[in-house]
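Analysis of the macromolecular model
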Amino acid sequence: MDPGVHFARCSSKLRSLRGDSVNLKEELNLLFDQFNSENYYQTISPSINFRPEDVCILLRHACALVPQSNEHLVIKFCQLVHHLLNQLKVIVDEPTLHALVSYIVRALSVCSKWTHAEVLLALSTVLYGNGPQCQKHLHGLLGEQGLLLLYSSPSQPDLELRRVALSCMTNICLGIPGQLSLEDKYRNQCYGIFLEALQAPKPDSCDELLYSAVIQGALKGLHCCLSGVKWRFGGGEEVGALLATLKRLMFQGTPGLSVEWPSVLYAAPLPQYEGPSTPKPPEPPKEAATPGKASTNKKKKTRGKGKKAEVNRGDGGDEEEREAMVPVLPKGGGGGGGGAAGGGESSTKPLTTSLYPAWKRTSSDSEFSDLEGSAQCKLRLYHGRVRQSALHCLLAVVRGVDKRTLYGYWSSFIPDAPMAGPPPLTLLSIVLKDPSPKVRACALQVLSAMLDGSRQFLGVAEDTATPRPSFTPFSLSLAATVRELHRCLTLALLAETSAQTLTQVIKCLAYLVSNAPYQRLRPGLLSPLWRHLRPYVRHRDVNVRVSALTLYGAMVTAQAPLPEVQLLLRQPEGSGGGGGGGSGGGTPQDAALSWRHRDGLSSPSKTPGSRGRSPRLQTPAEQEGAEPGSPWLLELCIQLVTETQLGSEQSDGEAGGTGAAVASEPSPVRLEALQVLAHLVRGYFCLVQVCMSELGQVSARCLQESDPSVQLHGTKLLDELGTGIIQQNRPESTVPLPARLPMSQVVEFWTEVLRGPLNGALQSEHHPTLQTSACDALSSILPLAFAQLEDKIQMMCITVLLGLTYSENSLVKAAAVRALGVYILFPSLREDVMFVADTANTILMALEDKSPNVRAKAAWSLGNLTDTLIVNMESVGTDFQEELSDMLLLKILQSATRASADKDRVKCNSVRALGNLLHFLRYGQLTRSVFQRPLEEAVRVLVQTVQSEATMKVRWNACYALGNAFRNPALPLDSAPWSSNAFSALCSVVTSCKNFKVRIKSAAALSVPARRGCYGDVERFICVWHSLATALENSEETHDFLEYRYCASLRETLLQALVHLLSLSQWEDMPALGASLAGDEGGAIRGHLLRYLRGEGGDRGTAGEGESGTESLSVLQRTEALQQTLAGLRELQVEGEAEGVRREREIGRERVVDYLEDLLKSSAELELALSASAGPIL
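Please read all numbers here as calculations on a predicted model, not as lab measurements.

Basis of the calculations
- Residues numbered from 1 in each chain as written.
- Predicted model: local features only at pLDDT ≥ 70, side-chain atom pairs only at ≥ 80, totals over all residues.
- Heavy atoms only, no water.
- Buried < 20%, exposed > 50% of the residue type's maximum accessible area, 1.4 Å probe, protein only.
- Helix = DSSP H or I, 4+ residues; strand = E, 2+ residues; numbered from the N terminus.
- Contact = heavy atoms within 4.5 Å.
- Phe/Tyr/Trp six-rings, centres within 6.5 Å; stacked < 30°, edge-to-face > 60°.
- Lys NZ or Arg CZ within 6 Å of the ring centre and 35° of its normal.
- Salt bridge = Lys/Arg side-chain N within 4 Å of Asp/Glu carboxyl O.
- Axes fitted to C-alpha atoms, helices over the stretch in contact; angles between N-to-C directions.
- Parallel < 35°, antiparallel > 145°, perpendicular 65-115°, else oblique.
- Left-handed = near helix turned anticlockwise from the far one by under 90°.
- Nonpolar A, V, L, I, M, F, W, Y, C, P; charged D, E, K, R; others polar.
- Core = buried A, V, L, I, M, F, W, Y, C linked by side-chain atoms within 4.5 Å.

**Digging into helix 23 (residues 526-533)**
Most of helix 23 sits out of view: seven of its eight residues are buried. Three or more residues of helix 23 are buried, namely Leu526, Ser527, Leu529, Trp530, Arg531, His532 and Leu533. Among the structural elements, helix 21 (474-495), helix 22 (499-515), helix 24 (542-557), helix 25 (563-570) and helix 28 (632-641) are those in contact with the buried residues of helix 23.

As structure tokens, this is what we get:
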């Protein structure tokens, strides 16, 4: 009978029964048997379609009929609840939940103890995902003397009751997306019970299988607590106690293991380092891999496979049983096999004695009889589940605990270096030694999560310096950890046979490579990994091939360009780079892979990929002048992307003409190969530029395909190629001119690209993401090359971009506006008044767009456009200013002012544009009445932004904008009412802002005015002086350690500003300046000025000229500037003043002159003394 019809018929009969029905017990007994005997799994009967409300109505009616005095009916009813809810995957509604929970709680207090296991199992099924909904029952279940607390207590002698009670608590804590989470007090209560169950000692003479089931239940509950919400760990030893428990259970059931486990792990003290890292690699895989086939012993009997596993809301299945058939690790195994997994007493040989792990070796003598084999296999299966659950919990802890807190526990899970004697028990022990591929995959996931985002922490590692025999610095220990990770994960790479676990190994290596500081480590770490990874690019499993390419991508992006990677890229494919030799026909293999042949498994070198090498790769050195040659990895990726033709030529002989040999690579492999090509172009452009034409053809071929993802990656590759050409031709580039790509070749490349399918990608309205990427590629044309393109191609680029700014898709519009912002800086276009005007109108329209992303790109482009105005003003002169429409400038000024009230992403470039405009406007424009109000509004916006609580980037851009405006001699700084507010804002920021870069920009702005009159009266001038002096005195006071790197640049900018004020000072300023220099303020300034004149005070380096906004002067220039200032002060002429005022000013001038003379004299004497002391040494 159809299960649906059967359910409907039995359900109808049950709902027709009443409490006073004749033969009620017999009827219920029969119906319950019929329900429980039917299989309702949808995998067996896909046509089953039940309404959850029908199931809930049925259960509510049944619980009202079953008397709790009849224990047999109670048991059958509880079995019915579990049977229906579990197989039909129904989460009961709130009325049914309350009815069933109330009934089951009463049954536990009324019925005999022998029924409690079945009753609790029904309660567990009812509570699944309903923890927050049963608030009124939680106190009775989890409160003081609650039912579940009594049954789950370690003092409970019945382990089955403990197991089911823990399952109930797990289902209460289980979080369902979109639903409320459990209250913190109950979640904390459950967390404590789960941890107590895990920490409790194993009862004497208890069944090992049942005890393992209890532990697994507690681990599942703990995982629900840790992963449901953001867990807050308390202080003290809470984290250490949890980690110690999980570490012990990670090795549950490991053969030959005899270790005294600590109850608490203590964090190692770590040195301070700069906060968390900003760039983020890709998110780690969220689920453990499920291997498809495990390595088994051919001599073992596969008994137990036919046994049907119960399908439940949990794990199970034949594969775990196959894993359990793996033989026990030999207790005294040779070759270090048992040592790494067991630690302690198993072996004293280090891990490096054999690449052939213990779980792959078999013993010639069985350690148990055939009758015992089934029980032993089942026990190993249970132990494997415990280890897997413990690692899942550890993964939740790693993701939930603050990274900086977790770094202190790294040494408990990751070894720092191989040592004599038994190796420590760590995650790497599991990766190398555990018999279950699932457990190994989980350990790799945990390790990947620990490595993810650890770049700042691992950046401390360094082992290039000479080691000290009496002291091991933390940097050296951390470097040893990185090397040990490389060593062990490379061993795992060579030894792993499960394709899913192998994928996790390679992904874990990618996380390691992405975060390790190879520039601070001795070279040689990447070379073995590079060599061993080559065969896996042609592995039979697609995921392995993709992850291998991902790892290659990580290696070519790690601190690129790395000298070691450059050497590896230059090596031909046939060279082993220090490994075993190989004949010309295939990729050379390391001897460590020989175990694959012993087990009859196919070596990665024998997979289809080792057959197909490009002819250019086989003989890269045969051609004269081929140095440095194209990198083999680039050729390999090109082959993977365009494999159809190459594969058909080379596969017939080896693959026997099968279809797989001719077919192209699947899309994930091709996309990953394209990403590796993009990484190569970005990091090692000088090596790949020899294949510029070939890469352009690959890009064009990708754009011609129908797959949008391939098209998108083709345009991104094109974008990287253009960016590489631009980077190579920057003024600061260190690439010598002969080594650069010839300009004629660049022009030819872009001509072919722009005549090819890129134009079609730009106009593909159905794929806006592709259009966006094509706009980015179009904006990466080298300006000098653009000027040499044909006029019609230039016009096509401009026309297409202007047209795309009208796109309805915000991403396309933003990319087009950004590209125009790039083009406006091109020397060949920026002097074209019509192009500037068209671009300006387009940008102003985009500034009013509803999309914040479009407005942000438009503001950036507007900043570039106003930069162009300044460049043209300085290079072309007034002719360009006169040709540009006054009304257009007014529109730009008003739009930029309005945009300065937008989000910070828009505001930071809008204020930059305002500063440029205020610098650009001519006197005739500033005096027009139509400009008066917008001018005042623009300055007011800049002043408000400087004083606001906006992001620091916005504030320092606003300070820079005010300084830029001060450069315009036509601005009436001496008389305008807004000038006082502008100077007051800058004086306030230079003394009080916590960000030193903002202080630097404000100090630079205060030193811009070139005339004394721009500073206003004496009071404002002296206010600026005192502000700069105060800022100089407080230039080292900060609560943020990161700001100290800007101290030298800040002091230099402040001192240049003070000297500038002295050079502009007039007769009326002398009394106040003399009093300042003669007092404490002058004493504080003197020491800084002496160091300034000698060129001391720190290297501006990364925080130097680029952050200060002022030009760094040489020592001679500084001295000459101060001498000129002194000469100017001596020549000040006194004009008609009262005798008392004249005398006061004369005294002030004498103080200033004496101060400067003494300063120059002290500086010269100190210079002579230093020269004399250095003479004998030289």
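Read on for the rest.
**Let's talk about the packing of aromatic side chains**
Aromatic ring pairs are defined here through the distance separating the ring centres and the angle between the ring planes. Here the structure, examined in full by the defined rule, presents 18 aromatic pairs. With a centroid separation of 5.3 Å and an interplanar angle of 80°, the aromatic rings of Phe77 and Tyr103 are classed as edge-to-face. With Phe77 in helix 4 (residues 71-88) and Tyr103 in helix 5 (residues 94-110), this pair connects stretches of sequence that are 26 residues apart. Seen from their ring centres, Phe457 and Phe474 are 6.0 Å apart, and the 50° between their planes marks the pair as tilted. Taken together, the residues Phe457 in helix 20 (residues 455-458) and Phe474 in helix 21 connect sequence positions 17 residues apart. Connected via pairs of aromatic rings, a cluster forms that spans Tyr407, Trp410, Phe457 and Phe474. Of note, Lys247 hangs over the ring of Phe413, and the distance from its end group to the ring centre comes to 5.9 Å. The lysine or arginine in question, Arg534, covers the ring of Trp632, its NZ or CZ lying 4.2 Å from the ring centre.

**Digging into the environment of Met450**
Assignment of secondary structure puts Met450 in helix 19 (residues 437-451). Classification of Met450 by relative accessible area gives buried; the value is 3%. Discounting chain neighbours no more than four positions away, the residues touching Met450 are Val398, Lys403, Leu406, Trp410, Phe413, Ile414 and Leu427.

**Overview of the pattern of salt bridges**
Counting across every chain of the model gives 31 salt bridges. Among the ionic pairs, Arg522 bridges to Asp463, the shortest N-O distance being 3.3 Å. Taken as a pair, Arg522 in the loop between helix 22 and helix 23 and Asp463 in the loop between helix 20 and helix 21 lie far apart in primary sequence, 59 residues in all. Owing to a relative accessible area of 44%, Arg522 belongs among the partly exposed residues under this scheme. Using a relative accessible area of 5% as the deciding quantity, one classes Asp463 as buried. In this structure, Arg928 and Asp886 form a salt bridge, with 3.0 Å as the shortest nitrogen-oxygen distance.

**Quick look at the side chain of Thr805**
With respect to the helices and strands, Thr805 occurs in the loop between helix 40 (791-804) and helix 41 (810-823). Thr805 sits in the buried class, given a relative accessible area of 2%. What Thr805 contacts, discounting residues up to four positions off in sequence, is Lys813, Ala816, Val817, Leu820, Thr842 and Met845.

**Here's the deal with the environment of Phe251**
In this fold, Phe251 is placed in the loop between helix 12 (238-250) and helix 13 (318-324). Phe251 sits in the buried class, given a relative accessible area of 4%.

**Remarks on the packing of helix 4 against helix 6 (residues 116-127)**
Running from N to C, helix 4 and helix 6 point in directions that differ by 30°, and their axes come no closer than 8 Å. As far as their axial angle goes, helix 6 and helix 4 are roughly parallel. Along this stretch, helix 4 crosses helix 6, giving a crossing that reads as left-handed. Mapping the contact onto sequence places Val74, Ile75, Cys78, Gln79, Val81, His82, Leu85 and Asn86 in helix 4 and Glu118, Val119, Leu121, Ala122, Thr125 and Val126 in helix 6. A breakdown of the residues in the contact of helix 4 with helix 6 according to their chemical character gives nine nonpolar, four polar and one charged.

**Thoughts on unusual backbone geometry**
Omega for the bond connecting Ala560 with Pro561 falls within 30 degrees of zero, at -5°, which places this linkage in the cis form. As for its placement among the helices and strands, Pro561 is situated in the loop between helix 24 and helix 25. Within the chain, Lys89 stands out as a residue other than glycine whose phi angle is a positive 55°. Tracing the backbone shows Lys89 in the loop between helix 4 and helix 5. By relative accessible area, which is 48% here, Lys89 ends up partly exposed.

**Regarding the nonpolar core**
Among the nonpolar cores identified, the biggest contains 349 residues, and Leu633 and Tyr823 are the most heavily contacted of them. Excluding its chain neighbours within four sequence positions, the residues that come into contact with Tyr823 are Leu778, Ser779, Ile781, Phe786, Cys797, Ile798, Leu801, Leu829 and Phe835.

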